[in-house]
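Residue-level listing of the chains:
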Amino acid sequence: MPGQRRLHLGAFMRPVSIHTGAWRYPGAWPDANFSFPRLKHLIQRLEAGKFDAFFMADHLALLNMPIEALRRSHTVTSFDPLTLLPALAAVTERIGLIATASTTYNDPYHVARKFASLDHISNGRAGWNVVTTANPDAALNFGHDEHMAHGERYKRAREFYDVVTGLWDSFADDAFIRDAESGIFWDPSRMHALNHVGPELKVRGPLNVARPVQGWPLIVQAGASDAGRQLAAETAEMVFAAGGPISDARAFYADVKGRAAAFGRNPDHIKILPGALVVVGSTVAEARKKRALLDSLVHYESAIGALSIALGVDARAFDPDAPLPEIPDTEASKSGRERAIALARRENLTVRQLAQRLGGYAGAAIVGTPATIADEMQEWLETRACDGFNVMFPYVPGGLDDFVDQVVPELQRRGIFRTEYEGTTLREHLGLPRPENRFFRRTDRAAD
């Protein structure tokens, strides 16, 4: 249908399922987070389903939860995303490759170099998920005794983004002449040294990698705090939003797009994809039964550990059968803490009940048949609650196969999801422009 909005789909694949009980589900691959053959199979299935992107979250420390909970976690080890994704680029052709890289405990030159390299290796399919590390234990792995304050992390992130994108523009697109007759490989007049000196960062440049295929790898962000929303509105091209009621999603969508417009950006150049755990059944009752079985596989040790992470405090000391007490402010994730507290207050949950919800997966879930799932996704899309979804699977491979084999064809039948890739780069999948180089205009030679 002309003018009909089209859905975008990312796959949240680190961990391969965000649900704590996923690795225990009957038929699941318990080792999938740390098995290259498994991950290769999964990304190829997603590419067959025409997904926009394969997304890997990342952590720079073990999850800061009690060892009793951590011993039950299937995410205790995982590949470094920027080691894995180039390998997956070699066994795929079209699907986007998005990885998290922290602005808190990285240097911008490293990040710029790695993502520029991934973009070239994948022929224009790289995306950088810009995050400020929330786990305070990460500080201890990078020579710090204390975690950086929340506000300071966002100040550093904003400057970090400017430096990385500036480094990607180190060379003009036409800088590499490669003239064998004259012996000139590249034109020094088409190179720019950044010479950045700011409050947090000092980076000379230039980057020693040619400008990425996409100009810049796609800029992706997550985070629901006010600081996170503002950073996304100023810099992001894709936003991984927290799931929740559709009314909250519409408000978030309007807020971020409105902030982007106020900043002088085209709101259509930001794609907002809330996370959604999708459980597919032949009937709604069967899908709910699958979800109930999944939730039953979460041990209380895991549940209370997940609650501790969300709140930024050790929740084991709380009375499990009492309401959630007042929680002091911490330097952990503000949005995660606020969502957990709001859920407890809204549904009058005890600590035990709240922990059990968070211990599995407490975010947005779409549970039903292919038709009812498509109905819900279409409503979110058409009422401006999202531009698509970052899909999480209840377990792999079966839960992923259910979505690709049953839900994707239903979305395609309705005309709201592609039947074939129409471009080769991640930006083309999303209908986003290639950024102009801030230091060089394209010349006739580059256009040729």
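Definitions and limits used
Residues numbered from 1 in each chain as written. Predicted model: local features only at pLDDT ≥ 70, side-chain atom pairs only at ≥ 80, totals over all residues. Heavy atoms only, no water. Helix = DSSP H or I, 4+ residues; strand = E, 2+ residues; numbered from the N terminus. Rg over C-alpha atoms; globule rule 2.2 N^0.38 Å. Buried < 20%, exposed > 50% of the residue type's maximum accessible area, 1.4 Å probe, protein only. Areas by Shrake-Rupley, 256 points an atom, 1.4 Å probe, with all protein chains shown as cover. Lys, Arg positive; Asp, Glu negative; His and termini not counted. Charge placed at Lys NZ, Arg CZ, Asp CG, Glu CD. Salt bridge = Lys/Arg side-chain N within 4 Å of Asp/Glu carboxyl O. Polar contact = N/O pair within 3.5 Å; in protein donor to acceptor, adjacent residues only side chain to side chain. Pairing = 2+ DSSP bridges. Right-handed = clockwise from strand over helix to strand, strands pointing away. Contact = heavy atoms within 4.5 Å. Expected span 1.5 Å × (residues − 1).

Chemist: Explain the overall build of the chain to me, using residue names and the numbers behind them.
Modeler: Secondary structure assignment for the chain yields 15 helices and 11 strands. Taking 2.2 N^0.38 as the reference for a compact globule, 448 residues should give roughly 22 Å; the C-alpha atoms of the chain span a radius of gyration of 22 Å, in line with that estimate. Oriented by its inertia axes, the alpha-carbon framework of the chain measures out at about 75 × 55 × 45 Å. Relative to its full complement of 448 residues, the chain shows a buried share of 55%. Of the roughly 19100 Å² that the chain leaves accessible, carbon and sulfur atoms contribute 52%. Taking the 51 positively charged and 54 negatively charged side chains of the chain as two groups, their mean positions are separated by 2 Å.

Chemist: Residue-level account of the pattern of salt bridges, with values.
Modeler: Enumeration according to the criterion identifies 32 salt bridges in this entry. The residue R211 makes a salt bridge to D169 at a minimum N-O spacing of 2.8 Å. A residue pair is termed long-range when its members are at least 10 positions apart, and R211 in the loop between β6 (202-203) and β7 (218-222) and D169 in the loop between α5 (150-168) and β5 (196-197) qualify at 42 residues. The pair formed by R211 and D169 is uniform in burial state, with each residue classed as buried. Residue D402 is joined to K290 by a salt bridge in which the shortest nitrogen-to-oxygen separation is 3.3 Å. Note that D402 is positioned in helix α13 (residues 398-413) and K290 in helix α8 (residues 284-296), a separation of 112 residues in sequence. One salt-bridge network, in which partners are shared between bridges, spans D169, D173, R211, R434 and R438.

Chemist: Which residues make up the side chain of S73, and what values do they have?
Modeler: Within the fold, S73 resides in the loop between α2 (67-70) and α3 (81-89). In this structure the side chain of S73 is engaged in a polar contact, spanning 2.8 Å, whose partner is the side chain of T75.

Chemist: Help me get a handle on the pairing of strand β2 (residues 53-56), residues and values and all.
Modeler: Judged by which residues are buried, β2 turns out to be covered on both faces: A53 and F55 on one side and F54 and M56 on the other are all buried. Sheet analysis places strand β1 (residues 8-12) next to β2, joined by three bridges and oriented parallel. Following the sheet pairing, F12 is matched in β2 by F55. Following the chain from β1 across helix α1 (residues 36-48) to the adjacent parallel β2, one finds a crossover that is right-handed. Sheet topology places β2 next to strand β3 (residues 96-102); four bridges connect them, and they run parallel. From the neighbouring strand, F55 faces β3, where its bridge partner is I98.

Chemist: Which residues make up the environment of D321, and what values do they have?
Modeler: Its location among the elements puts D321 in the loop between α9 (300-311) and α10 (334-347). Residues D321 and A362, 41 residues apart in the sequence, show an inter-C-alpha distance of 19 Å. The residues contacting D321, other than those within four sequence positions of it, are T350 and R352.

Chemist: For α10, give the residues involved together with the corresponding values.
Modeler: The first and last C-alpha atoms of α10 sit 20 Å apart over 14 residues, in line with the 20 Å expected at 1.5 Å per residue. By the burial criterion, the buried members of α10 are K334, S335, G336, R337, A340, I341, L343 and A344. Along its buried surface, α10 packs onto α5, α9 and α11 (351-360). At the C-terminal side of α10, N348 shows a positive phi close to 55°.

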